[in-house]
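Here is how the chains run, residue by residue.
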Amino acid sequence: MELPTPRGPVSAHVVHALRSGDAFEPAVAASADVLGDDAQVALWVLLQLHYRDFDDAARDAEWDVGAVALRQTLAESFVDRLRGLVTERVALARDAADDVPGQVMAMIGAADGPSLAAYLHREATREQVLSFLRQRSLYALKESDAHSFVLPRVHGSVKVALAELQYDEYGAGRPDRLHAGMYAEALVAAGLDPRYGRYVDEVAGPVLAVDNLISVLALQRRTRAASLGQLAAFEATSSLPSRRIAAGIERVGLPRAVAAYFDEHVEADAAHEQIALRAVCGALVAAEPELADDVLFGAAAYLELDERSAVHLLARWRDDEVVEAAS
Amino acid sequence: MTGPVRVTPCPDGPLLVRGADVVTDEDGTDHPVTRPVVALCVCGKSGRRPWCDDTHRSIRRST
Ligand code: FES
Ligand SMILES: [Fe+2]
Ligand SMILES: [Fe+2]
C-alpha cells in the first residue's frame, strides 16, 4: 500500500520519515490533539508497520526505536484520553451485574447513540452505502488480525476459546470463507478496489480511531484484557446490525455478493458474541479477577469510539443530503 | 468431525454446540454444520433457524 496523505504536522512528520528514511522525532506528538485526524493518521501509519508494508517507504521501520517511541507516545495519550471519556460507562456496567458477561451486555444495552445500521437499512443512498463500505475497509480487510497478537498473551481455556473464535474468522479451514477475503469480494462486487489501505485518505478520523484502538490494545501485553473486552463488545454489537446492513445493501440495488459478508456475520457473530463474552472474557476474569476493570475499559472505549464514528458519518451523510436538496 | 459433541447453554441466549456435523430441525430438514462452534436458537424467534441470529435480545428487551 502507499503512505496516506498527511492531515497535519504529526502525520506529515511520520510520512516524511518513512518516505525519506530520516529519523523519527517523538517530540512532534507532544502538542497534538490525540483524537484529531492528524494524530490518528500518524498513529494509524505507525501501527500498520506491524501488519503490512508501505510500497513508498524507504526502509522497514517496524522496530525502529524512534518509530516505536513515537507510536507509544501517541498510543499512551490516546488510551489515557479514553480512560477519562468512559468512566460513566464503566461505572454503570459495574453496578448493573456481578459477572463480566452481564456487565458488558448492560453497557451495550445502555448505549444510546444513533444507529448507523438503522440508517443504512432504511435511508442511505447507494452512494452512501458505498461510502460506508470504503470507511469500513481498513478494519475489515485485516479483520481479526489484531486479536491474533493477543493469543500468546493468554493461557489455558482463554487461549483455546480465542483460537476457536479466530479460526472461524479465518474461514474455519475454507479459504473462501476467510472473513477479510469475503470483504474484499464484497468490495469487488460493489465495483470498489479491494486493496488494503486504498481508501485511507477518505476514512474519517473517528473511524481511524476505532481501527487504531483495536490495534493499540491488541499490540500491548499489558492491555490484553482490554483488547478482549473490546473484542466482546465488537462481537456483541455485530449480528443484529449486520442483518440491517445486508438489507440496506439489497435495498439500494447492489449485487447479492456485496451483502454476503454481512449475511455471514449474522450467524457467525451470534456465536462469537457468546464465545467472546463467556469463554474468553468471563474465563479470563475468573482466572485473574484483577483484570475485570481492564475488560470493561476495553469494551467501553470501543463503544465510545464506535458511537463517535457513527455520529460523524451520519452528520456527514445528512449534510450531503442538504447540499443535494439545495442544488 | 470425530469426538464427542459438546453442548453449552448460554443464559438468556442460544446453545453453543461444538463437534456436530449436522443439525436436524423439527421439520426433519438437515442443516450441515460448517463452523467449529454454532449457536442454536432456543427462543424460537430466530429468522435463521435452527441458528441463533441474536433476535432473542430484542425479545428480552421488550418484556
Ligand atoms: S436464541 Fe438467539 S435468536 Fe433464538
Ligand atoms: Fe468476522
Ligand atoms: Fe466475529
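### Details of the coordination of the iron ion (ligand 2)
Residues and elements named next belong to chain A.
Turning to step 1, where the next piece is worked out: Only Glu143 (OE), Glu169 (OE), His179 (ND1) and His265 (NE2) from the protein reach the iron ion (ligand 2) as donors, at distances of 1.9 to 2.2 Å.
Turning to step 2, where the next piece is worked out: Coordination at the iron ion (ligand 2) is irregular: its 4 donor atoms span angles of 82 to 168 degrees at the metal.
Turning to step 3, where the next piece is worked out: Mapped onto the polypeptide sequence, the residues donating to the iron ion (ligand 2) form the spacing pattern E-x25-E-x9-H-x85-H.
Turning to step 4, where the next piece is worked out: Taken as a pair, the iron ion (ligand 2) and the iron ion (ligand 3) lie 3.7 Å from each other and share Glu169 as a ligand. Taken as a pair, Glu169 in helix H9 (residues 156–169) and His265 in helix H14 (residues 256–287) lie far apart in primary sequence, 96 residues in all.

### Observations concerning the domain arrangement of chain A
Residues and elements named next belong to chain A.
Turning to step 1, where the next piece is worked out: Along its sequence, chain A is carved into domain 1 (9–83) and domain 2 (87–326).
Turning to step 2, where the next piece is worked out: One C-alpha centre belongs to domain 1, the other to domain 2, and the line joining them spans 24 Å.
Turning to step 3, where the next piece is worked out: Facing 18 residues of domain 1, the contacting portion of domain 2 comprises 26 residues.
Turning to step 4, where the next piece is worked out: For the pair domain 1 and domain 2, the two sides together bury roughly 2000 Å², of which 68% comes from carbon and sulfur.
Turning to step 5, where the next piece is worked out: Of all residues in domain 1, the largest losses of buried area upon contact with domain 2 belong to Trp44, Tyr51 and Arg83, amounting jointly to 34% of the total for that side.
Turning to step 6, where the next piece is worked out: Taken together, the links from domain 1 to domain 2 amount to 1 salt bridge.
Turning to step 7, where the next piece is worked out: When the shortest N-O distance is used, the salt bridge between Arg222 and Glu76 registers 3.2 Å.
Turning to step 8, where the next piece is worked out: Connecting domain 1 to domain 2 are 7 residue pairs in polar contact (both at pLDDT 80 or more).

### Quick look at the coordination of the iron ion (ligand 3)
Turning to step 1, where the next piece is worked out: In this structure, Glu169(A) (OE), Glu235(A) (OE), Glu235(A) (OE), Asp269(A) (OD) and His272(A) (ND1) serve as the protein donors to the iron ion (ligand 3), at separations of 2.1 to 2.6 Å.
Turning to step 2, where the next piece is worked out: Read in sequence order, the donor residues coordinating the iron ion (ligand 3) give the pattern E-x65-E-x33-D-x2-H.

### Re the pattern of salt bridges
Turning to step 1, where the next piece is worked out: For the coordinates displayed, the defined rule picks out 28 salt bridges over all chains.
Turning to step 2, where the next piece is worked out: A salt bridge links Asp64(A) to Arg59(A); the nearest nitrogen and oxygen atoms lie 2.6 Å apart.
Turning to step 3, where the next piece is worked out: Owing to a relative accessible area of 19%, Asp64(A) belongs among the buried residues under this scheme.
Turning to step 4, where the next piece is worked out: A salt bridge links Asp293(A) to Arg94(A); the nearest nitrogen and oxygen atoms lie 3.3 Å apart. Highlighted residues: Asp293(A) in helix H15 (residues 292–326) and Arg94(A) in helix H4 (residues 87–96), separated in sequence by 199 residues.
Turning to step 5, where the next piece is worked out: When its relative accessible area of 42% is taken as the criterion, Asp293(A) is described as partly exposed.
Turning to step 6, where the next piece is worked out: Salt bridges sharing partners connect three or more residues here, namely Glu250(A), Arg256(A), Asp263(A), Glu267(A) and Arg48(B).

### Details of the packing of helix H7 (residues 126–140) of chain A against H15(A)
All names here are of chain A.
Turning to step 1, where the next piece is worked out: Where H7 contacts H15, the axes come no closer than 12 Å and their chain directions differ by 150 degrees. In terms of their interaxial angle, H7 and H15 are classed as roughly antiparallel. The way H7 lies across H15 gives a crossing that is right-handed. Between H7 and H15, the contacting residues are Gln128, Ser131, Phe132 and Gln135 on the first element and Leu313, Arg316, Trp317, Asp320 and Glu321 on the second.
Turning to step 2, where the next piece is worked out: Grouping the amino acids of the contact of H7 with H15 by side-chain chemistry returns 3 nonpolar, 3 polar and 3 charged.

Procedures and definitions
Residues numbered from 1 in each chain as written. Chains lettered and ligands numbered in written order. Predicted model: local features only at pLDDT ≥ 70, side-chain atom pairs only at ≥ 80, totals over all residues. Heavy atoms only, no water. Donors = N, O, S within 2.8 Å, 3.2 Å for Na, K, Ca; no water. Tetrahedral: all angles 85-135°; square planar, octahedral: opposite > 155°, others 65-115°. Helix = DSSP H or I, 4+ residues; strand = E, 2+ residues; numbered from the N terminus. Domains from an automatic or database assignment. Contact = heavy atoms within 4.5 Å. Buried area = accessible area lost by both parts, 1.4 Å probe. Salt bridge = Lys/Arg side-chain N within 4 Å of Asp/Glu carboxyl O. Polar contact = N/O pair within 3.5 Å; in protein donor to acceptor, adjacent residues only side chain to side chain. Buried < 20%, exposed > 50% of the residue type's maximum accessible area, 1.4 Å probe, protein only. Axes fitted to C-alpha atoms, helices over the stretch in contact; angles between N-to-C directions. Parallel < 35°, antiparallel > 145°, perpendicular 65-115°, else oblique. Left-handed = near helix turned anticlockwise from the far one by under 90°. Nonpolar A, V, L, I, M, F, W, Y, C, P; charged D, E, K, R; others polar.

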